[in-house]
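# Close look at the chain arrangement
Below, each chain spelled out in residue letters.
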Amino acid sequence: WTAPDYELEIEGKIPSKKNLYHPSKNGKGMFKIGKVVNAEKMFALQIPGEMIGLNLENPHIMIEMQMPKKSWRSDRDNAATMILDCLVKSAVLKDDSINKCNGILVLLPVVECSDYKCKIRMWKNKNV
């Protein structure tokens, strides 16, 4: 690995988005609860301005999460889904579908820490 082309650190708990959707009252579809909406906003506010609108395609991505031991029952893949969705929403990534986000994705082991932090490193994929 070389130095990443892009790097950002997000502070705060990243909720498991998949588990926080609820059926709509009219029975048609699902909606995000406030906890998810607020987490998405807090995530977006921490993305450096120069990264917004990059629309990267097929980058290599490394995600390193730090959290207190009490949260270790969380699913890493659900947190990764939330992270990718937030990067798409801020146009850092073009899309998180396989045809636009098919670089190497590495989820490093979670590190015990007193605070919630997430380091995201991305490399341009020169093979695409």
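Nothing here was measured: the structure is a model prediction, and the numbers come from that model.

Helix and strand counts for the protein come out as two helices and seven strands. The order of α-helices and β-strands along the protein, N terminus first, is β-β-β-α-β-α-β-β-β. Counting all 128 residues of the protein, 38% fall into the buried class. Taking all contacts inside the protein whose residues are at least 6 apart in sequence as the whole, residues at least 24 apart take part in 82%. Surface summary for the protein: the accessible area is close to 7700 Å², and the carbon and sulfur share equals 52%.

Below, the discussion takes up the confidence of the model for the protein. Put simply, the protein has an average pLDDT of 88, and 90% of its residues get 70 or more. By mean pLDDT, strand E2 (residues 21–23) is the weakest element of the protein at 61, and strand E7 (residues 117–123) is the strongest at 97.

The subject of this paragraph is the environment of Pro-4. Among the secondary structure elements, Pro-4 is positioned in the segment before strand E1 (6–11). The partly exposed category is assigned to Pro-4, whose relative accessible area is 26%. C-alpha of Pro-4 to C-alpha of Ile-120: the two residues are 116 residues apart in sequence and 9.5 Å apart in space. Those residues in contact with Pro-4 that sit more than four places away from it in its chain are Arg-121, Met-122 and Trp-123.

Once that is clear, we can look at the pairing of strand E4 (residues 60–67). Of all eight residues in E4, eight are buried; the element is thus mostly enclosed. Neither face of E4 is exposed, since His-60, Met-62, Glu-64 and Gln-66 on one face and Ile-61, Ile-63, Met-65 and Met-67 on the opposite face are all buried. As paired strands, E4 and E7 are joined by seven bridges and run antiparallel to one another. Directly across from Met-65, in E7, lies its bridge partner Cys-118.

What counts and how
Residues numbered from 1 in each chain as written. Predicted model: local features only at pLDDT ≥ 70, side-chain atom pairs only at ≥ 80, totals over all residues. Heavy atoms only, no water. Helix = DSSP H or I, 4+ residues; strand = E, 2+ residues; numbered from the N terminus. Buried < 20%, exposed > 50% of the residue type's maximum accessible area, 1.4 Å probe, protein only. Contact = heavy atoms within 4.5 Å. Areas by Shrake-Rupley, 256 points an atom, 1.4 Å probe, with all protein chains shown as cover. pLDDT = per-residue confidence, 0-100. Pairing = 2+ DSSP bridges.

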